[in-house]
Amino acid sequence: QVQLVESGGGLAQPGGSLRLSCEASGNFGKIYHMSWYRQQPGKRREMVAVIRIDGSIDYGDSVQGRFTISRDAAKNTVDLQMNSLKSDDTGVYFCNANIDALVRWGQGTQVTVST
């Protein structure tokens, strides 16, 4: 069994920060990319950030310059540091990873940005 579990979601004020974390656990061989997606209310799920096995990184246009993705290969984790949060960042954030050639998803964690 392999699972991805997100943590760190919650409530933040506009301009504030949150740090999300995702851990892969279970029996597996290799993790290729790890990424974060989000589902905003009434919108299609969109890619937020991806970090590949070679360390290369891409961000969605809406979070460029505000969010930072990082991974710790030894701990099988990927983090998303979210700064300068806006109300439009509200949504459910999902961890995604290619593990042994199979794309897997976490259960999601709610992020709410509001005064």
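Before reading on, note that the structure itself is shown above.
Note that the coordinates shown come from a computational prediction; the quantities given were computed from them, not determined experimentally.

Analysis parameters
- Residues numbered from 1 in each chain as written.
- Predicted model: local features only at pLDDT ≥ 70, side-chain atom pairs only at ≥ 80, totals over all residues.
- Heavy atoms only, no water.
- Helix = DSSP H or I, 4+ residues; strand = E, 2+ residues; numbered from the N terminus.
- Rg over C-alpha atoms; globule rule 2.2 N^0.38 Å.
- Buried < 20%, exposed > 50% of the residue type's maximum accessible area, 1.4 Å probe, protein only.
- Contact = heavy atoms within 4.5 Å.
- Areas by Shrake-Rupley, 256 points an atom, 1.4 Å probe, with all protein chains shown as cover.
- Lys, Arg positive; Asp, Glu negative; His and termini not counted.
- Charge placed at Lys NZ, Arg CZ, Asp CG, Glu CD.
- Pairing = 2+ DSSP bridges.
- Axes fitted to C-alpha atoms, helices over the stretch in contact; angles between N-to-C directions.

## A short note on the overall build of the protein
Piece 1. Summing up its helical and strand segments, the protein has zero helices and eleven strands in all.
Piece 2. Listed by position from the N terminus, the elements making up the protein come as β-β-β-β-β-β-β-β-β-β-β.
Piece 3. For 115 residues, the compact-globule estimate of 2.2 N^0.38 gives 13 Å, and the protein sits close to it at 14 Å.
Piece 4. Taking the principal axes of the C-alpha coordinates as reference, the protein spans close to 45 × 25 × 25 Å.
Piece 5. The 115 residues of the protein split such that 40% are buried.
Piece 6. Contacts spanning at least 24 positions in sequence make up 54% of the contacts within the protein whose residues lie at least 6 apart.
Piece 7. Carbon and sulfur atoms form 46% of the exposed surface of the protein, whose accessible area is close to 6100 Å².
Piece 8. In the protein, 12 side chains carry a positive charge and 11 a negative one; their mean positions are 2 Å apart.

## Description of the sheet that holds strand S8 (residues 77-82)
Piece 1. The four strands are arranged S1-S3-S8-S7 in an open sheet whose pairing can be described as antiparallel. Only two strands of the sheet have a single neighbouring strand rather than two, namely strand S1 (2-7) and strand S7 (67-72). Taking the axes of each pair of neighbouring strands and ignoring which way they run, one obtains an average angle of 15° across the sheet.

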